[in-house]
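# Structural features, examined
Below, each chain spelled out in residue letters.
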Amino acid sequence: MVENLVKYENALGKIEISEEYFSQLLGNVVPTCFGVAGMANNGAYQHIRSFFHKTKYYLDRGVNVVMEKDGLVIELHIIVTYGVNISTVVNSIVNKVRYTIEDATGLSVKTVNVFVDSMKS
């Protein structure tokens, strides 16, 4: 598997951050948000991997990060708890993810797209 890197340059020099770092960072943050029951697989690779490794939980599950000219585009696939206000949960996630990424890396976040894939009771 080829590792994707987010590359940018500032006054200190060239900086490369692996997509794995973002996945682990967000994989630890998003499930702690109110109303989130877990992360859902996104993409064929994550579905196939989870099929063969049913007992193992991967932090990159449901996380996709892409670097664009004007900032990071973050895509999250979540499972929400039944009975919660989905709009409130999503707004909370967007704010927490934006703050966490900008605080940890100094990179600006252009967009956080949250997809609610299912509900859990």
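Everything that follows concerns the structure shown earlier in this document.
What this report covers is the structure whose coordinates are included nearby. (Residues numbered from 1 in each chain as written. Predicted model: local features only at pLDDT ≥ 70, side-chain atom pairs only at ≥ 80, totals over all residues. Heavy atoms only, no water.)

### Structural notes on the overall build of the chain
Inclusion rule: Numbering of helices and strands runs from the N terminus; a helix is a DSSP stretch of H or I covering at least four residues, while a strand is a stretch of E covering at least two. Think of it in three bands: with a 1.4 Å probe and only protein chains considered, a residue is buried below 20% of the maximum accessible area for its type, exposed above 50%, and partly exposed in between.
Across its full length, the chain carries three helices and six strands. Walking the chain from its N terminus toward its C terminus, one meets helices and strands in the order β-β-α-β-α-β-β-α-β. Of all 121 residues assigned to the chain, the portion counted as buried reaches 40%.

### Here's the deal with the environment of Tyr82
This is how the line gets drawn: Note on contacts: a residue pair is in contact if any heavy atoms of the two residues lie within 4.5 Å.
Structurally, Tyr82 can be placed in the loop between strand S5 (71-81) and helix H3 (86-105). Placed 46 residues apart in sequence, Tyr82 and Val36 show a C-alpha to C-alpha distance of 9.6 Å. For Tyr82, the residues in contact, after removing those within four places along its chain, are Met119, Lys120 and Ser121.

### Some remarks on H3
Applicable threshold: The span you would expect from a helix comes to 1.5 Å times its residue count less one. The arc in question is the one spanned by the directions pointing from the helix axis to the C-beta atoms. Polar contact is defined as a pair of N or O atoms within 3.5 Å, subject to the rule that within protein one atom must be able to donate a hydrogen and the other to accept it, and that residues adjacent in sequence are counted only when both atoms are side-chain atoms.
Given a rise of 1.5 Å per residue, 20 residues ought to cover 28 Å, and the 28 Å separating the end C-alpha atoms of H3 matches this to within 8%. Those residues of H3 that sit buried are Val89, Val90, Ile93, Val94, Val97, Thr100, Ile101 and Thr105. Looking down the long axis of H3, one finds its buried residues gathered within 145° of arc, a one-sided arrangement. Those residues of H3 that are exposed and angled more than 90 degrees off the buried face are Asn95, Tyr99 and Asp103. Residue Asn85 occupies the N-cap position of H3, its side-chain oxygen lying 3.0 Å from the main-chain nitrogen of Ser87. Immediately beyond the C-terminal end of H3, within one or two residues, lies Gly106, with a positive phi of roughly 80°.

### A few points about helix H1 (residues 19-29)
Regarding H1, the residues found buried are Glu19, Phe22, Ser23, Leu25, Leu26, Gly27 and Val29. Structurally, H1 contributes buried residues whose contacts are with strand S1 (5-10), strand S2 (13-18), strand S4 (63-68), S5 and H3.

### A short note on the nonpolar core
The condition that has to hold: As used in this record, nonpolar core signifies buried Ala, Val, Leu, Ile, Met, Phe, Trp, Tyr and Cys residues forming a set joined through side-chain atoms within 4.5 Å.
If you look at the biggest cluster of nonpolar residues, it comprises 28 residues, and the most contacted ones within it are Leu26, Ile74, Leu76, Ile93, Val97 and Ile101. Broken down by secondary-structure element, the contributors of at least two residues to this core are S1, H1, strand S3 (36-39), S4, S5, H3 and strand S6 (109-120). Tallying contributions element by element places H3 first for this core, with six residues. The contact partners of Ile93, leaving out residues within four places of it in the chain, are Val30, Cys33, Val36, Leu76, Ile78 and Val114.

### Here's the deal with the pattern of salt bridges
Applicable threshold: When a carboxyl oxygen of Asp or Glu is within 4 Å of a side-chain nitrogen of Lys or Arg, the pair counts as a salt bridge.
Considering all chains together, one arrives at two salt bridges under this definition. Residue Lys110 is joined to Asp70 by a salt bridge in which the shortest nitrogen-to-oxygen separation is 3.7 Å. Of this pair, Lys110 sits in strand S6 while Asp70 sits in the loop between S4 and S5; the two residues are 40 residues apart in sequence, bridging distant segments of the chain. Three or more residues joined by partner-sharing salt bridges are found here, namely Glu68, Asp70 and Lys110.

### Points about the pairing of S4
Our working definition: Note on pairing: two strands pair once DSSP finds at least 2 bridges between them.
Pairing analysis gives six bridges linking S4 to S5, with the strands arranged antiparallel. Counterpart to Val63 in the pairing with S5 is Leu76. Between S4 and S5, which pair antiparallel one after the other, the connecting turn spans two residues.

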